[in-house]
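Coordinates in review
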Amino acid sequence: MSRLTILFLAGLLAACGGPPTPPAADTARPVRIVSLDYCADQYVLEFLDRDRILAVSPNAEKDFSYRRDAAKGLRTVRPIAEDVILLKPDLVVRSYGGGPDAAHFFERAGIPVLDVSWASDLPGVLANVQRIADGLGEHDRGAALVAETQARLDHLAKRSSGKSALYMTPAGVTSGPGSLVHEMIVAAGLENFQQQPGWRSLPLERLAYEAPEVIAAAFFSDRTNHPDAWSPMNHPVARDQLAERTVVSLEGAWTSCNGWFLIDAIEALAEGSDQ
């Protein structure tokens, strides 16, 4: 067999039977993603197909995780740098996981980080949702979720009950203007009984002679945030509110993180206050 014939046959075999050249990787769309805390988990579980999720946090299936059902069967990783780097992720998503210096550490190691920022109002929450969806390479999914959530908010904006509501937790904490809880109460068509800004202890003295019409009771069904020591919630005046007022129970998963799922709590408040 001549050398020319051998070269021709070799070329023919390469063209017909050789494996195809793999396509170039899409570096703009990360495919191996790790989330470091349960707030970050919600976005990863909402926007990504399972084959792109390398690992979620150990809290992804806890009761206070909104997308806990979607986390079943996924690998988990502790928010420890060495454990995460061993997985060789394309992207790390975090809110608080790994500590305050985690973002700088991973970026120095060549791993991009997408931070789940905190928003102080509902428009900020929705803008944050879209930003994170974009960072995950899922713009359309983010836009669809934002549009759906905004439509639900717009529907509630048409109503106003004129009733006052007081947010309460087992730790005896409430919140006034300047917080997302306040935004949530107002979006439900209610007035916030607590008018002092920020996070504060329950106003026991005021509750002794004046009462809200609705109690927004958060975390009472969870096993977290229940102090053993004395708290304002142990006072008879505070306990009377739960016994004598309209109580709307809010799941911890609705309010424990800054996300689109706040709409579930808002709708529950709106519906519950009509009873």
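The structure this text deals with has already been given above.
Let me sum up the structure you'll find in this document. (Residues numbered from 1 in each chain as written. Predicted model: local features only at pLDDT ≥ 70, side-chain atom pairs only at ≥ 80, totals over all residues. Heavy atoms only, no water.)

Quick look at the packing of helix α7 (residues 180–187) against helix α11 (residues 262–273)
Put simply, the test is: Here the axes come from fitting lines to C-alpha atoms, over the contacting stretch only for helices, and the angles between their N-to-C directions go from 0 to 180 degrees. Secondary structure elements are taken from DSSP: a helix is a run of H or I of four residues or more, a strand is a run of E of two residues or more, and numbering for both begins at the N terminus. Every angle not falling under 35 degrees, over 145, or within 65 to 115 is termed oblique; those three ranges are roughly parallel, roughly antiparallel and roughly perpendicular. Note on convention: the crossing is left-handed when the near helix lies turned anticlockwise from the far helix by less than a right angle, right-handed when the turn is clockwise. Whether two residues are in contact is decided by their heavy atoms: any pair within 4.5 Å suffices.
In the contact formed by α7 and α11, the axes pass within 8 Å of each other and the chain directions differ by 45°. Comparing their axes, α11 and α7 come out oblique. Note on packing geometry: the crossing formed by α7 with α11 is right-handed. Side by side, α7 and α11 meet where L180, M184, I185 and A187 of the first sit next to L262, A265, I266 and L269 of the second.

Topic: the state of the cysteines
Using the following cut-off: Cysteine sulfur atoms are paired as a disulfide whenever they come within 2.5 Å of each other. Residue exposure (1.4 Å probe, protein chains only): buried if accessible area is under 20% of the type maximum, exposed if over 50%, otherwise partly exposed.
Applying the stated criterion across every chain, the model contains one disulfide. For C39, the disulfide goes to C257, at an S-S distance of 1.9 Å. With the S-S bond torsion at -85°, the cross-link from C39 to C257 turns out left-handed. Within this pair, whereas C39 is found in helix α2 (residues 38–47), its partner C257 is found in the loop between α10 (252–255) and α11, the two being separated by 218 residues in sequence. Judged by its relative accessible area of 11%, C39 falls in the buried class. Classification of C257 by relative accessible area gives buried; the value is 4%.

Considerations on the packing of aromatic side chains
Formally: Geometry of aromatic contacts follows a simple scheme: Phe, Tyr and Trp rings, the Trp one being its six-membered ring, pair when their centres are within 6.5 Å, and the pair is stacked under 30 degrees between planes, edge-to-face over 60, tilted otherwise. Only Lys NZ and Arg CZ are tested; either one counts as a charge over a ring when it is within 6 Å of the ring centre and within 35 degrees of the ring normal.
Applying the stated criterion across every chain, the model contains nine aromatic pairs. Between the aromatic rings of F105 and F106, the centroid separation amounts to 5.8 Å while the plane-to-plane angle is 80°, which identifies the pairing as edge-to-face. A relative accessible area of 3% means that F106 is categorised as buried. Directly above the aromatic system of F193 lies the positively charged group of R206, at a separation of 3.6 Å from the ring centroid.

Section: the layout of surface pockets
In plain terms, the rule: Every definition here rests on a 1 Å grid over the protein atoms only: cavities are sets of points where a 1.4 Å probe fits but cannot get out, pockets are open sets enclosed by protein on both sides within 12 Å along at least five of seven lines, and lining residues have some atom within 4 Å of a point. Grid points are joined across faces, edges and corners, and a volume is the space filled by probe spheres set on the points. Side-chain classes follow a simple rule in which Ala, Val, Leu, Ile, Met, Phe, Trp, Tyr, Cys and Pro form the nonpolar group, Asp, Glu, Lys and Arg form the charged group, and the remainder, Gly included, forms the polar group.
Empty space within the largest pocket amounts to approximately 200 Å³. Sort the elements by how many residues they give to the lining of the largest pocket and α7 lands first, with three residues. Residue classes in the lining of the largest pocket are distributed as ten nonpolar, six polar and no charged.

Quick look at the nonpolar core
So the rule is basically this: Joining through side-chain atoms within 4.5 Å is the link that ties buried Ala, Val, Leu, Ile, Met, Phe, Trp, Tyr and Cys residues into a set, and such a set is a nonpolar core.
Judged by nonpolar contacts, the single largest core of 57 residues is most densely connected at V93, L136, L250, I266 and L269. Discounting residues that sit within four places of it in the chain, V93 has contacts with I33, V34, S35, L36, A40, V44, L114, V116 and L136. Listed in part, the 14 residues of the second largest apolar core include A81, A103, F106 and I111.

So, the sheet that holds strand β9 (residues 214–218)
Short version of the rule: Between any two strands, pairing holds if DSSP finds at least two bridges.
Strand order in the open sheet formed by four strands is β7-β5-β9-β10, and the pairing between neighbours is parallel. The outermost strands of the open sheet, each flanked by one partner alone, are β7 (191–192) and β10 (246–250). Summarising the sheet, strand β5 (residues 164–168) and β7 pair through two bridges and their orientation is parallel. Considered in β7, the bridge of S164 is made with E191.

Here's the deal with the sheet that holds strand β1 (residues 33–35)
Within the open sheet, the four strands sit side by side as β2-β1-β3-β4. Their pairing is parallel. Looking at which strands have only one partner, the edges of the open sheet turn out to be β2 (53–55) and β4 (113–115). Pairs of neighbouring strands in the sheet enclose a mean axial angle of 30°, with direction left out of account. One ladder, built from three bridges, connects β1 with strand β3 (residues 91–94); its direction is parallel. Paired with V34 across the strands is V92, a residue of β3. Packing against the sheet, α2 makes contact with β1, β2 and β3, and its axis sits at approximately 145° to β1.

A few points about the pairing of β9
Along β9, five of the five residues are buried, which leaves the element largely enclosed by surrounding structure. Here β9 shows a buried face lined by V214, A216 and A218 and a second buried face lined by I215 and A217. As judged from the four bridges shared by β5 and β9, these two strands associate in the parallel manner. Paired with A165 across the bridge in β9 is V214.

Observations regarding the pattern of salt bridges
Note the following rule: By salt bridge we mean one thing: a side-chain nitrogen of Lys or Arg within 4 Å of a carboxyl oxygen of Asp or Glu.
Applying the stated rule across the entire model yields 13 salt bridges. Here E46 makes a salt bridge to R67, at a shortest N to O gap of 2.9 Å. Here the residue E46 occupies a position in helix α2, and R67 occupies one in the loop between β2 and α3 (81–86), the gap between them amounting to 21 residues. By relative accessible area, E46 is classed as partly exposed at 24%.

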